[in-house]
Amino acid sequence: MSDFRFHVAIIMDGNGRWATRRGLPRVAGHKAGANAVRRTIEAAPGLGISVLTLYAFSEDNWSRPPREVSALMKLLGRYLVQETDRCIANGVRLQAIGRRDRLPAPLAGMLGEAERRTADGRRLLLRLAIDYSSRHAILDAARKASDNFTEDRFSSLIGPDVDLLIRTSGEQRLSDFLLWECAYAEMVFTPRLWPDFNSDDLAQAVAEFQRRERRFGAISATTDLRTA
Ligand code: FPP
């Protein structure tokens, strides 16, 4: 992986609505969503993305009906089994963020196994947020950093800053996702429902990011300083 890091994070939203509009059970939307995950991972390196973080299951999602939770856990496990070899072949390194202790033991085991087997991947770092809460991640990092509480140390415990945050399905909120890391993220909200998200949508979001001027609180490089 080059030194230049372009970190895109995605809140994959709209699976349920996609299914309901088709008269299908919500789980069908999650299955179609897994295909969109596959497409997105394939397209990411070609768009210069070196780190991709996907919000697959939030801590809040435990409050969904048990059948849906169980189907999501199974889907995640199946995805890992089916996709790990492809990740290895394509230089994709997989990492999970979030709690592991509440996951079904087989899924936690599969995550560890996929992380070990893909550890040499250098083209794309794929981070799957599962049983994830950003507030809890921040609290955990704060506890660990207490002996040396600097911004750099804290950031190194939390994870890489996000450059571009995408949320699908027209919703416009962070929902406890990467709160610290998104401090300077550009945000792109698209009405597209996640199962319909494709490589063109990702390319459009990246193009939108490239059109934005990131000032990090300073003034524009093109501002005439005599009149500023
Ligand atoms: C939000 O849509 C989506 C989720 C809570 C789950 C995301 C899971 C996947 C995309 C599939 C599996 C993931 C991987 C990594 C293989 P929603 O159900 O809240 O949709 P709604 O707002 O329309 O109800």
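Structure shown above.
Residues numbered from 1 in each chain as written. Predicted model: local features only at pLDDT ≥ 70, side-chain atom pairs only at ≥ 80, totals over all residues. Heavy atoms only, no water.

Observations concerning the overall build of the protein chain
Each helix and strand counted, the protein chain has seven helices and six strands in total. Taking 228 residues into account, the globule formula puts the C-alpha radius of gyration at 17 Å, and the protein chain, at 18 Å, falls close to it. Once the C-alpha set of the protein chain is aligned to its principal axes, its extents read approximately 65 × 45 × 35 Å. Buried positions account for 46% of the 228 residues belonging to the protein chain. Sequence-distant contacts in the protein chain: of pairs separated by 6 or more residues, those separated by 24 or more amount to 74%. Per element, the accessible surface of the protein chain, about 12,100 Å² overall, is 51% carbon and sulfur. With 34 positive and 29 negative side-chain charges, the protein chain shows a separation of 5 Å between the mean positions of the two kinds. (Helix = DSSP H or I, 4+ residues; strand = E, 2+ residues; numbered from the N terminus. Rg over C-alpha atoms; globule rule 2.2 N^0.38 Å. Buried < 20%, exposed > 50% of the residue type's maximum accessible area, 1.4 Å probe, protein only. Contact = heavy atoms within 4.5 Å. Areas by Shrake-Rupley, 256 points an atom, 1.4 Å probe, with all protein chains shown as cover. Lys, Arg positive; Asp, Glu negative; His and termini not counted. Charge placed at Lys NZ, Arg CZ, Asp CG, Glu CD.)

Examining the site of the ligand
As a structural note, the neighbourhood of the ligand is formed by 19 residues, with Asp13, Gly16, Arg17, Arg26 and Arg64 the closest of them. In the environment of the ligand, an oxygen atom lies 3.3 Å from a nitrogen or oxygen atom belonging to the backbone of Gly14. Here an oxygen atom of the ligand sits 3.0 Å away from a polar atom, N or O, in the main chain of Gly16. Starting from 620 Å² of accessible surface for the ligand in isolation, the protein chains cover 92%. Elements with a minimum of two residues in the shell around the ligand: α1 (15-21), α2 (26-43) and α3 (66-89). Here the shell around the ligand takes five residues from α2, the largest share from any one element. For the shell around the ligand, the class distribution of residues is nine nonpolar, six polar and four charged. (Near = heavy atom within 4 Å. Polar contact = N/O pair within 3.5 Å; in protein donor to acceptor, adjacent residues only side chain to side chain. Nonpolar A, V, L, I, M, F, W, Y, C, P; charged D, E, K, R; others polar.)

Some thoughts on the nonpolar core
Membership of the largest hydrophobic core comes to 43 residues, with the highest contact counts inside it found for Ile10, Ile49, Leu52 and Leu164. The element contributing the most residues to this core is α3, with eight residues. Ignoring sequence-local partners within four residues, the contact set of Ile49 consists of Phe6, Val8, Ala44, Arg123, Leu124, Leu202 and Val206. Core analysis: the next-biggest nonpolar cluster, separate from the first, contains 12 residues, Tyr55, Leu165, Leu178 and Ala185 among them. (Core = buried A, V, L, I, M, F, W, Y, C linked by side-chain atoms within 4.5 Å.)

Thoughts on the packing of aromatic side chains
Per the stated rule, a full pass over the model turns up eight aromatic pairs. On the numbers, 4.9 Å between centres and 20 degrees between planes, the contact of Trp194 with Phe197 is stacked. For the residue pair Trp194 and Phe197, the accessibility class agrees, reading buried in each case. (Phe/Tyr/Trp six-rings, centres within 6.5 Å; stacked < 30°, edge-to-face > 60°.)

Brief notes about the environment of His136
Within the element layout of this structure, His136 appears in helix α5 (residues 134-145). Given the relative accessible area of 34%, His136 is considered partly exposed. For His136 and Asp101, which are 35 residues apart along the polypeptide, the C-alpha to C-alpha distance reads 14 Å.

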